[in-house]
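# Fold and geometry: a report
Below, each chain spelled out in residue letters.
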Amino acid sequence: MDNVLDLFEERGFVEQVTDKDALRNQLGRPTTCYIGFDPTAKSLHVGSLVPIMSLAHMQRAGHRPIAVVGGGTTLVGDPSGKTEMRRLMSREEIDANAEGIKQQLSRFIDFGPGKALMVNNADWLVDLNYIEFLRDIGRHFSVNRMLSAESYRIRLETGLSFIEFNYMLLQAYDYWHLFKHHDCRLQMGGNDQWGNILAGADLIRRLEGEVVHALTFPLITASSGVKMGKTHQGAIWLDPELTSPYDYYQYWINQDDRDVERFLALFTFLPMEEVRKQGSAQGEAIREAKEVLAFEATALCHGRNEAEKARAAARQLFGAQGSGPEGSVPTFALDAREVEQGIPAFILFEKCALSKTRAEARRLIAQGGAYVNGERIENFDRVISAKDVKEGSLLLRAGKKRYLRVTVEG
């Protein structure tokens, strides 16, 4: 098989590796690898796509991925990348979140018989005997070395709780457990997990005398400096109930021109020849390249049917050829009596969540960024009424790219 490490390097997945030559040799034969996903919310967001795509690439290259849902580690809370302690969650809340994450991962990775595995570390962590754990595992960890890890060192300035201090030991135990039970020889994760992953590799060396491997990914930010998966509206979730397929599509098509090639390499399975071709587009052609990125990313997450609907709706709204079903555009239901009475534009935009507050809506309208049915709203208190309704709905727009179809019901 072609070595997947070369693919990872070509597509921009690699930040740090324990021993590149040794890992390349390991990946020359079928290898079991794992990544952990802590279920701190009921859905993963776009910021989790790099690790998800890496597991999918591993599987496509003939290796066996293990997705570890951190039902046990989430009870403790990972201090990595946080300036303060995470909210402690109940076991019931964590288990409910874990179930949703399993469904999302299944869109990218085949968990069928003999394929990838999905496990929950609560199954082996929750019932650990604390004294035995300290004697058998804790004795292999140096506090001085742990405090040198970036995730702990940063937190020492703002306060690190003892419960969080145990997180590295538990993640290391996960790696050892998966090595013992599934011959797992590679752990991957974001670069903020480097210290935790190395701790696991070191524990396996001490307990088993075996060499295993670590690989971390760069922490992705857009060229604008915005963290991946974040917008002014909040996180872009993989759950279609939290972020609609249309809004997911729009997130990708709105990326900076400078990021198109990089994101095509990371977030699609297109061959690199095609990635480079699309990434070199200039002028009007860059819009087509962004459409390719948005379509491929949406198809992976939500299926090709939803991606086609989102693309058709976007083309319709932006005046391109083609039209799509109304259901693929975000909608908001408004009682017919409110429309008959008339509703000021700034109140309507706040009510439909196109603006967070009425003051924000007034500013949007004053700056010329609010539209109804394609017509700019000149005055913030313009009354939107039944005469504005076209075929049972209103089409609102905030700024250049945020659309909402308001259906009138009742």
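Everything in this summary refers to the structure shown in the same document. Small disclaimer: the values here were computed from a predicted structure and weren't measured. (Residues numbered from 1 in each chain as written. Predicted model: local features only at pLDDT ≥ 70, side-chain atom pairs only at ≥ 80, totals over all residues. Heavy atoms only, no water.)

## Some details on the nonpolar core
The tendency in soluble globular proteins is for nonpolar side chains to be buried side by side. Under the convention used in this document: Here, the term nonpolar core denotes a set of buried Ala, Val, Leu, Ile, Met, Phe, Trp, Tyr and Cys residues that are joined through side-chain atoms within 4.5 Å. Throughout, exposure labels follow a simple rule: accessible area from a 1.4 Å probe, protein chains only, divided by the maximum for the residue type, with under 20% read as buried, over 50% as exposed, and the rest as partly exposed. The way it works is that DSSP assigns letters per residue, a run of H or I at least four long becomes a helix, a run of E at least two long becomes a strand, and they are numbered from the N terminus. Between two residues, a contact is recorded if the distance between any of their heavy atoms is within 4.5 Å.
In terms of nonpolar packing, the biggest core is built from 63 residues, with Val-46, Leu-49, Met-188, Leu-215, Leu-238 and Trp-252 touching the most fellow members. With 8 residues, helix H15 (residues 285–302) is the single largest residue contributor to this core. Dropping the residues within four chain positions of it, Trp-252 is found in contact with Val-46, Leu-49, Met-228, Phe-263, Phe-267, Leu-293, Ala-294, Ala-297 and Thr-298. Counting residues in hydrophobic clusters, the runner-up holds 29 residues, among them Val-119, Leu-125, Phe-179 and Ala-199.

## Some words on helix H4 (residues 91–105)
To be explicit about the condition: A helix is expected to span 1.5 Å multiplied by its residue count minus one. The arc under discussion is defined with respect to the helix axis, by the directions toward the C-beta atoms.
With 15 residues, H4 should cover 21 Å at 1.5 Å per step; its first-to-last C-alpha distance of 21 Å lies within 8% of that length. Taken together, the buried positions of H4 are Ile-94, Asn-97, Ala-98, Gly-100, Ile-101, Gln-104 and Leu-105. Summarising the axial view, the buried residues of H4 lie within an arc of 170°, below the 170-degree limit, and thus occupy one face. The exposed residues of H4 that point more than 90 degrees off its buried face are Glu-92 and Gln-103.

## Thoughts on the sheet that holds strand E14 (residues 393–398)
Inclusion rule: The pairing criterion is simple: DSSP has to find at least two bridges between the two strands.
On the basis of which strands lie adjacent, the open sheet formed by 5 strands has the order E9-E15-E14-E11-E12 and mixed pairing. Here the strands that pair on one side only, and so sit at the sheet edges, are strand E9 (331–335) and strand E12 (375–376). One ladder, built from 5 bridges, connects E9 with strand E15 (residues 402–409); its direction is parallel. When the sheet's bridge partners are listed, Leu-334 is paired in E15 with Val-408.

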